[in-house]
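The primary structure of each chain is shown beneath.
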Amino acid sequence: MKFRFPVVIIDEDFRAENISGSGVRDLAEAIKNEGMEVVGFTSYGDLTSFAQQASRASCFILSIDDEEFGGGTDEDISIALKSVRDFIVEVRKRNNDIPIFLYGETRTSRSIPNDILRELHGFIHMFEDTPEFVARHIIREARKYLDNLAPPFFRALMDYASDSSYSWHCPGHSGGVAFLKSPVGQMFHQFFGENMLRADVCNAVDELGQLLDHTGPVSSSEANAARIFNSDHLFFVTNGTSTSNKVVWHSTVAPGDIVVVDRNCHKSILHSIIMTGAIPVFLMPTRNHYGIIGPIPKSEFDPETIRKKIEANPFAREAKNKKPRILTITQSTYDGILYNVETIKAMLGNSIDTLHFDEAWLPHATFHPFYRNMHAIGEGRPRSDETLVFATQSTHKLLAGLSQASQILVQDGKNRKLDTHRFNESYLMHSSTSPQYSIIASCDVAAAMMEPPGGKALVEESLHEAIEFRRAMLKVDAEFGKDDWWFKVWGPTPKSDEGIGDRDDWIIHEGDTWHGFGNIESGFNMLDPIKSTIITPGLDLDGEFADDGIPAAIVSKYLAEHGIIIEKTGLYSFFIMFTIGITKGRWNSMVTELQQFKDDYDQNLPMWRVMPEFAAKFPQYERVGLRDLCSAIHSVYKEYNVARITTDMYLSNIEPAMTPADAWAKMAHRDVERVSIDELEGRVTAMLVTPYPPGIPLLVPGERFNSTIIDYLKFARDFNARFPGFETDVHGLVREIVDGEERYFVDVVKD
Ligand SMILES: *Cc1c(COP(=O)(O)O)cnc(C)c1O
C-alpha cells in the first residue's frame, strides 16, 4: 500500500544559488529517485503549527550549515541552535519516534549539545558521502519508522485488504465488486473508495483474529489499548457505549437484584434495568435553572444513605439480597461535571459489588494529569479489595473513533479478578456476529494515537483551545461593556491568561456560586473545560426571567443555517465540545458567528434575511424580526415559568408502582392503553418518557405520572402548537391528529 509521508527538509538555502543550496537539492533529488516524496522549507516559521504538521512527515532533515550559524561565534551558534532545539522539543512533545537528522557542511557533532544529540537519528556531513548513499540511509530510517506506526489490528487489516485474495465469504459485496454492477452502486463505490470496501470483511478471515473471542490481531490490539489506557482488561465494542453498558450490566445483574443508578443516566442504562429485571434505587443529582445537570451530592454515596433509600423503596426492601449489585454513574455528565472516583471508592468500600462509570464522554481524561482522580481507571490508581471497577467509553465521541466505536475498561479488585470467559458470555449476548472491521480498526488507531507522549499533547491542545475560547468570549464581553449584552460561557473564570492554567480553577469548591447547584463540598467535583455551555440572555441562575431574552433554540437554528452544528440546545443555553479534532479556525468562527447573530438581533432584521432556509420552511415567520421572534418565545417561556417546571419535574417525587421489567412485560403483552395527557394523573407509564433537551429520561416504565410532569407535557403541547419549527421533542409521547387537532398520548399500564 502506498502512503504519502514526505521527507521534510528545513534549510534556509533550499532554494539558494550557492554550494550549500545545490548540495541539499542534490540530496532531495536522490531521495525522490528512491521513490519518497520530499518537501523543502527555508525557515521554521510558526514553530507550533509546523510541529503539528509533523504527523504528515516520515522524517526531518534540519540544516545547521555555516551560513545560518552566522560568523561562527559562540553567540551565533547558540542562537541558531535555539531554533533547532525549540523545533525538536515541539516535535518530541507529540512524537518520540520520528527520525530527525542534522545536516551540515563543516560543523561536527562536537558543537551540538547533548540534549539535542540525544534526540537525533543521525548527523549528515554534506559532501562526505554521495547524495545517493545518504538518501538510502535516511530512507531506511524513515521506512522503519513508518513500518512501526500501525497498531496490530489495523496493520493486519491493511495487509489483508491489499493482498487481493478472492473471497467466498460474506459480506456479499465481495470487496466492493457487487457495487460495480449498477450505476448507483458505482456511485457508492467511488464515494467510499476501494479500501473501505476491501477492508469490509467478515469474521471468517482467520488472519485478522476474532473480535467475539478476542483472538489474534484483535486481541493484540485490545491488549495494546489496555496498556495505553492503563486498565487490567479492555474490550473493544463496535455497537457503541449503549451496548458496552448492557454488556457490563448483563455480566453481573440478574432479576430481582438491587442496583444503584444515577437518575440522570443515559437511556441505555435504563434499558439495562429493564432487560436484567433489576430493582433500581436512584441517586438524585442537583440541577440549576439553566437546566444544567449538576453532581449527585457526596452524601448520596454514603452506604447508610443508600441503605435508607433501599428501605424506602417498596420493591427494594422486599429483595432477598440487600447488597447492591452495581452502581452506575455518568462520569462526565452532558455538561461536563466529573466526580472524584477515589473518594467514591473510599466511601463505598466493598458495600457494592461492581462500580460502573459511564465515561462515554471521558476517554481522554486518563492522558492528562489535569484530570487526576477525576476518571475511573488510570495509572497507579489504588484497587478496591473485592469491588471491580468498570468504565465504558465512547471512543467516537471525543477521540478519533468511527461512530459506534466504544470500549469497556476493567480494573480488578485486590482479591477478585474479572473472569474474562464468563464476562464474554455477556459480551456475546449483545454483540452482532458480524462486527464492522473498520470500527475495530478505528478503536485500535484511536488508542494508538493516545500513546504517550502524543495523547497528553492532544488533550492539552483541546484543553488549551477550550480555555482560549472562554478567554476570547470574556474579551468580547468586556469590550461590549456593561450597557450592552453578550453571551456568557458557563463555568469559573479562568484565572491565568496563558496555557491551560491550574486544574484547581476547575475543581468545585465549597461556597462557589457560579454553577448554581447550591453548596457543594470542596474537591468532590470538577467541570471539564472542554465542554463549553454558552448561556444566552433572558434567564438567571435563580430561575428569574428577564424582561427580554434570547431562547437558545433560535441561536442554534441560526448557527446551523450558517454551517455550525450545535451538540445540544437547552432553554437559554447550548453546548459545544472541544474534541481532539477541534481547530482554532472552528471556535473562532463560532465567536464571529455569535457576533453576527448579535448584530442581526440588535437590528431586528427580518427572518427572511437572516435565516432564509428556516423562513422558507416556516413562512409564518418570514417577516418577523429576529428580535421580535426571540421576545415572543421568551414571553411564552416566562408565562409558563418553564425554567422552574423543567427543574422541578426532574426533582419531583416519583413513585414506582412496579419494576421497570414488569411494566415492560405489560407492554409486550399489550396490557397497556393509549391515554391523553389530560388524563394521565396517577397512571403508570409503560414508556420511557424523555424530553429533548436534555435527553435525560423523566419517567421510567413502572413509574407514576405526577402533576409536575403532566404540566410539563401540557406546556410542550401548547408551545409546539404556537411555535412550529421550535418543537420540544418528548420521546415516549405519541402525537396523533384526532378530528383535525393534534393530540398527545402516552402508553400506560391498564388499571
Ligand atoms: C452517548 C452516551 C452513551 C451511548 O454511547 P453510544 O456510543 O452513542 O452508544 C452512553 N452513556 C452516555 C452518558 C452517553 O452520553
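The preceding data block contains the structure.
A short tour of the structure in this document, coming up. Here the structure is a predicted model, which is why all the values come from computation and not from measurement.

**Notes on the layout of surface pockets**
Working step 1: Each pocket or cavity is described by its volume, and for the second largest pocket that value is around 610 Å³.
Working step 2: Lining the second largest pocket we find 25 residues, and of these D477, F487, K488, V489 and I535 sit closest to its centre.
Working step 3: Of all elements in the fold, only helix 17 (454-480) and strand 14 (488-489) reach the threshold of two or more residues within the lining of the second largest pocket.
Working step 4: Among the elements that take part in the lining of the second largest pocket, helix 17 stands out by supplying 4 residues, more than any other.
Working step 5: Across the lining of the second largest pocket, the residue classes break down as 15 nonpolar, 4 polar and 6 charged.

**Some thoughts on the nonpolar core**
Working step 1: In terms of nonpolar packing, the biggest core is built from 185 residues, with F469, L594, F597, F705 and F726 touching the most fellow members.
Working step 2: Discounting chain neighbours no more than four positions away, the residues touching F726 are A553, I554, K557, F614, Y621, L629, I633 and F719.

**Considerations on the packing of helix 1 (residues 19-33) against helix 5 (residues 131-147)**
Working step 1: The contact between helix 1 and helix 5 brings their axes to 8 Å, and the two run at 60°. Taken as axis vectors, helix 1 and helix 5 run oblique relative to one another. Between helix 1 and helix 5 lies a crossing of right-handed hand. Contacts between helix 1 and helix 5 involve D26, L27, A30 and I31 on the former and, on the latter, P131, E132, V134, A135, I138 and I139.
Working step 2: Here the contact of helix 1 with helix 5 is composed, by residue class, of 8 nonpolar, no polar and 2 charged.

**Examining the side chain of T276**
Working step 1: Examined against the element boundaries, T276 turns out to sit in helix 11 (residues 267-276).
Working step 2: Not counting chain neighbours up to four residues away, the residues in contact with T276 comprise W249, H250, V253, A254 and P255.

**Here we look at the sheet that holds strand 18 (residues 573-577)**
Working step 1: Read from one edge to the other, the open sheet built from 4 strands follows the order 14-16-18-17, with strand pairing classed as antiparallel. Looking at strand neighbours, the two that pair on one side only are strand 14 and strand 17 (568-569), the edges of this open sheet.
Working step 2: In the sheet, strand 16 (residues 531-535) pairs with strand 18 via 5 bridges, with the strands oriented antiparallel. Of the residues in strand 18, the one forming a bridge with I535 is S573.
Working step 3: Along the sheet face, helix 18 (residues 552-561) touches strand 17 and strand 18 and points at about 40° away from the line of strand 18.

**A word on the site of the ligand**
Working step 1: As a matter of local geometry, the ligand sits amid G240, T241, S242, N245, H266, T330, D358, A360, W361, S394, H396 and K397.
Working step 2: One of the side-chain N or O atoms of D358 is found 2.6 Å from a nitrogen atom in the ligand.
Working step 3: Between the ligand and K397, the relevant distance is 2.8 Å, taken from an oxygen atom to a side-chain nitrogen or oxygen of the residue.
Working step 4: Calculation on the ligand without its partners gives an accessible area of 380 Å², and the protein chains cover 85% of this total.
Working step 5: For the shell around the ligand, the secondary-structure elements that each account for two or more residues are helix 10 (240-250) and helix 14 (395-398).
Working step 6: Among the elements that take part in the shell around the ligand, helix 10 stands out by supplying 4 residues, more than any other.
Working step 7: Within the shell around the ligand, the residues separate by chemical class into 2 nonpolar, 8 polar and 2 charged.

**Observations concerning the packing of aromatic side chains**
Working step 1: Following the criterion strictly, the structure yields 41 aromatic pairs and no others.
Working step 2: Relative to F188, the ring of F179 has its centre 4.5 Å away and its plane inclined at 25°; by these criteria the two rings are stacked.
Working step 3: When the centroid spacing of 5.7 Å and the interplanar angle of 85° are considered together, the rings of Y334 and F575 count as edge-to-face. One end of the pair, Y334, is in the loop between strand 9 (326-330) and strand 10 (337-339); the other, F575, is in strand 18, and 241 residues separate them in sequence.
Working step 4: Overall, the relative accessible area of 25% leaves Y334 in the partly exposed class.
Working step 5: For K598, the ring lying beneath its charged end belongs to F480, and the centroid distance is 4.5 Å.

**Focus on the state of the cysteines**
Working step 1: If you walk through the whole model with that rule in mind, you get 0 disulfides.
Working step 2: Its sulfur unpaired, C443 is 19 Å from the next cysteine sulfur, which belongs to C202.
Working step 3: For C443, a relative accessible area of 0% translates into the label buried.

**Focus on a negative patch on the surface**
Working step 1: Taken together, the side chains of D159, D163, D206 and E207 define an acidic patch exposed on the protein surface.
Working step 2: For D159, the location among the structural elements is in helix 6 (residues 152-162).

**Quick look at the sheet that holds strand 9**
Working step 1: Ordered in space as 6-13-12-11-9-7-8, the 7 strands form an open sheet in which the pairing is mixed. Single-partner strands in this sheet number two, and they are strand 6 (233-237) and strand 8 (279-283). Mean inter-strand twist for the sheet, computed between neighbouring axes without regard to direction, equals 20°.
Working step 2: Relative to strand 11 (residues 354-358), strand 9 is paired through 5 bridges, and the arrangement is parallel. In the strand pairing of strand 11, L327 is matched with L355.

Criteria and cut-off values
- Here, residues in each chain are numbered from 1, in the same order as that chain's written sequence.
- Reporting of local features is limited, given that this is a predicted model, to residues whose pLDDT is at least 70; pairs of side-chain atoms are given and counted only at 80 or more, and all residues count toward the totals for whole chains, interfaces and linings.
- Based on all heavy atoms of the structure, the side-chain values leave hydrogens and waters out of the count.
- Buriedness for pockets is judged along seven lines, at least five of which must meet protein on both sides within 12 Å for an open set on the 1 Å grid over protein atoms alone, while cavities are sets there where a 1.4 Å probe fits but cannot get out, and lining residues have an atom within 4 Å of a point.
- Grid points are joined across faces, edges and corners, and a volume is the space filled by probe spheres set on the points.
- Strands are runs of DSSP state E lasting at least two residues, helices are runs of H or I lasting at least four, and both sets are numbered from the N terminus onward.
- For this scheme, ten residues count as nonpolar: Ala, Val, Leu, Ile, Met, Phe, Trp, Tyr, Cys and Pro. Four count as charged, namely Asp, Glu, Lys and Arg, and the remainder, Gly too, count as polar.
- Remark: nonpolar core denotes a set of buried residues (Ala, Val, Leu, Ile, Met, Phe, Trp, Tyr, Cys) joined through side-chain atoms within 4.5 Å.
- For every residue, the accessible area obtained with a 1.4 Å probe (protein chains only) is divided by the maximum for its type, and the residue is called buried under 20%, exposed over 50%, and partly exposed between those limits.
- Contacts are assigned to residue pairs that have any heavy atoms within 4.5 Å of one another.
- All axes are obtained by fitting lines to C-alpha atoms, using only the stretch in contact for helices, and the reported angles, taken between N-to-C directions, cover 0 to 180 degrees.
- Roughly parallel refers to an angle under 35 degrees, roughly antiparallel to one over 145, roughly perpendicular to one between 65 and 115, and oblique to any angle outside these ranges.
- The sense of a crossing depends on the near helix, which, turned anticlockwise from the far helix by less than a right angle, makes the crossing left-handed and, turned clockwise, makes it right-handed.
- Strands pair, by our definition, only if DSSP identifies at least two bridges between them.
- Residues are labelled near a given molecule or strand when at least one of their non-hydrogen atoms is within 4 Å of it.
- Pairing of N or O atoms within 3.5 Å defines a polar contact, subject to two protein rules: one partner must be a possible hydrogen donor and the other a possible acceptor, and residues neighboring in sequence count only if both atoms are side-chain atoms.
- Every accessible area reported is derived by Shrake-Rupley at a probe size of 1.4 Å, with residue values counting cover from the shown protein chains alone.
- Stacked, edge-to-face and tilted labels apply to pairs of Phe, Tyr and Trp rings (six-membered ring for Trp) whose centres lie within 6.5 Å, assigned for plane angles under 30 degrees, over 60, and everything in between, in that order.
- Charge-over-ring placement is defined geometrically: NZ (Lys) or CZ (Arg) within 6 Å of the ring centre, and within 35 degrees of the ring normal.
- In this description, a disulfide is simply a cysteine sulfur pair whose atoms lie within 2.5 Å.
- Put simply, a patch holds well-exposed residues, over 30% relative accessible area, that have no salt bridge, with like charges counted together within 9 Å and Val, Leu, Ile, Met, Phe, Trp or Tyr side chains within 5 Å.
- By definition here, a salt bridge exists when the distance from a side-chain nitrogen of Lys or Arg to a carboxyl oxygen of Asp or Glu is within 4 Å.
- In this tally Asp and Glu are treated as negative and Lys and Arg as positive; neither His nor the chain ends contributes.
- Lysine's charge is taken at NZ, arginine's at CZ, aspartate's at CG and glutamate's at CD.

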